[in-house]
Amino acid sequence: MSLVRRAVPEDAAEVLRLRQVMIDSMFEAGGGPTDWHAESLPALRERLADADGDFAAFVVDHPDRPGALAALVCGALEYRIGRAGNPHGRVGHVFSVATDPDARRRGYARACMEELLQWFRERGAGQVDLNASAQAEPLYASLGFVRKPDPSMRLAL
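Here the structure is a predicted model, which means the values were calculated and not measured.

Enquirer: Go over the packing of aromatic side chains with me, naming the residues and quoting the values.
Expert: Scanning the model with the defined rule gives three aromatic pairs in all. A centroid spacing of 5.9 Å and a plane angle of 65° characterise the contact between Tyr-140 and Phe-145, whose relative ring orientation is edge-to-face. Just as Tyr-140 is buried, Phe-145 falls in that class too.

Enquirer: Describe the pairing of strand E3 (residues 69-79), listing the residues and the values that go with them.
Expert: The element E3 is largely enclosed, with a buried count of eight among its 11 residues. Relative to E3, strand E2 (residues 55-61) runs antiparallel, the two sharing seven bridges. Across the sheet, Asp-61 pairs through a bridge with Leu-69, a residue of E3.

Enquirer: Let's hear about the packing of helix H1 (residues 12-25) against helix H2 (residues 36-49): which residues, and what values?
Expert: Working note: a packed helix pair is described by the angle between its axes plus the distance between those axes. As a packed pair, H1 and H2 sit with axes 9 Å apart at the nearest point and diverge in direction by 120°. Classed by the angle they form, the pair H1 and H2 counts as oblique. The chirality of how H1 crosses H2 is right-handed. On H2, the residues that touch Ala-12, Ala-13, Val-15, Leu-16, Arg-17, Arg-19, Gln-20 and Ile-23 of H1 are Trp-36, His-37, Ser-40, Leu-41, Leu-44, Arg-45 and Leu-48.

Enquirer: Go over helix H3 (residues 108-122), please, and point to the residues and values.
Expert: Look at H3: 21 Å from first C-alpha to last across 15 residues, which is about the 21 Å you get at 1.5 Å a residue. Listed as buried for H3 are Tyr-108, Ala-109, Cys-112, Met-113, Leu-116, Leu-117, Trp-119 and Phe-120. With its buried residues spanning 165° around the axis, H3 presents them on a single face. In H3, those exposed residues whose orientation departs by more than 90 degrees from the buried face are Arg-121 and Glu-122. Taken together, the buried residues of H3 touch strand E1 (4-6), E2, E3, strand E4 (90-99), strand E5 (127-129) and helix H4 (137-142).

Enquirer: Describe the sheet that holds E5, listing the residues and the values that go with them.
Expert: Spatial strand order, E1-E2-E3-E4-E5: five strands in an open sheet with mixed pairing. Edge positions in the open sheet fall to E1 and E5, since each of these has one partner strand only. Looking at each pair of strands side by side, their axes are set apart by 25° on average, direction ignored. Judged from the three bridges that link them, E1 and E2 form a sheet pairing that is antiparallel. From the neighbouring strand, Arg-5 faces E2, where its bridge partner is Val-59.

Enquirer: Quick one: what's the story with H1, residue by residue and with numbers?
Expert: The first and last C-alpha atoms of H1 sit 20 Å apart over 14 residues, in line with the 20 Å expected at 1.5 Å per residue. Restricting attention to buried positions, one finds in H1 the residues Ala-12, Glu-14, Val-15, Leu-16, Leu-18, Gln-20, Val-21 and Met-22. On its buried face, H1 is in contact with H2, E3 and E4.

Enquirer: Mind laying out the pattern of salt bridges, listing which residues take part and the relevant values?
Expert: Where charged atoms from two side chains of opposite charge approach closely, those side chains can pair. Throughout the structure, instances matching the rule amount to 10 salt bridges. Asp-61 is the salt-bridge partner of Arg-5, the closest N and O atoms lying 2.8 Å from each other. Of this pair, Arg-5 sits in strand E1 while Asp-61 is found in strand E2, placing the two residues 56 residues apart along the sequence. Glu-78 is paired through a salt bridge with Arg-80; the nearest N and O atoms lie 2.6 Å apart. Residue class for Arg-80 comes out partly exposed when judged on its relative accessible area of 38%.

Analysis parameters
- Residues numbered from 1 in each chain as written.
- Predicted model: local features only at pLDDT ≥ 70, side-chain atom pairs only at ≥ 80, totals over all residues.
- Heavy atoms only, no water.
- Phe/Tyr/Trp six-rings, centres within 6.5 Å; stacked < 30°, edge-to-face > 60°.
- Buried < 20%, exposed > 50% of the residue type's maximum accessible area, 1.4 Å probe, protein only.
- Helix = DSSP H or I, 4+ residues; strand = E, 2+ residues; numbered from the N terminus.
- Pairing = 2+ DSSP bridges.
- Axes fitted to C-alpha atoms, helices over the stretch in contact; angles between N-to-C directions.
- Parallel < 35°, antiparallel > 145°, perpendicular 65-115°, else oblique.
- Left-handed = near helix turned anticlockwise from the far one by under 90°.
- Contact = heavy atoms within 4.5 Å.
- Expected span 1.5 Å × (residues − 1).
- Arc of directions from axis to C-beta.
- Salt bridge = Lys/Arg side-chain N within 4 Å of Asp/Glu carboxyl O.

Written out as structure tokens, the structure is:
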């Protein structure tokens, strides 16, 4: 039996906590603001309740702390006009990959990623994109991800 399960609305606060662990790990100072969690919680609960939607989170329960999560992987399916190699235009996006610091090096993130990749396959995704930290790149490479030149830009609205 797999340790990984699909997150449910009751996991929303823990999903946000692990997302914050990921965010904090990206910056040396750590300890970023968390005031946005309360505002984000209702929308996240709604998305976690929609089992047929385009968003999924896969988690592992913390083995030592009942009610806590040890690992998290989130993903969303998006439609783009098809192209060679992906004629149906379905693209998976991976984000919020996080493992609680005291639960690392146990294979939880890999197991969650494998479940998410299977979820994308079942929905016909022709490709899966993610942004990788240097620390996580070996995991993603072992799953078949390759670096690509990234001309990404962003506009905050």
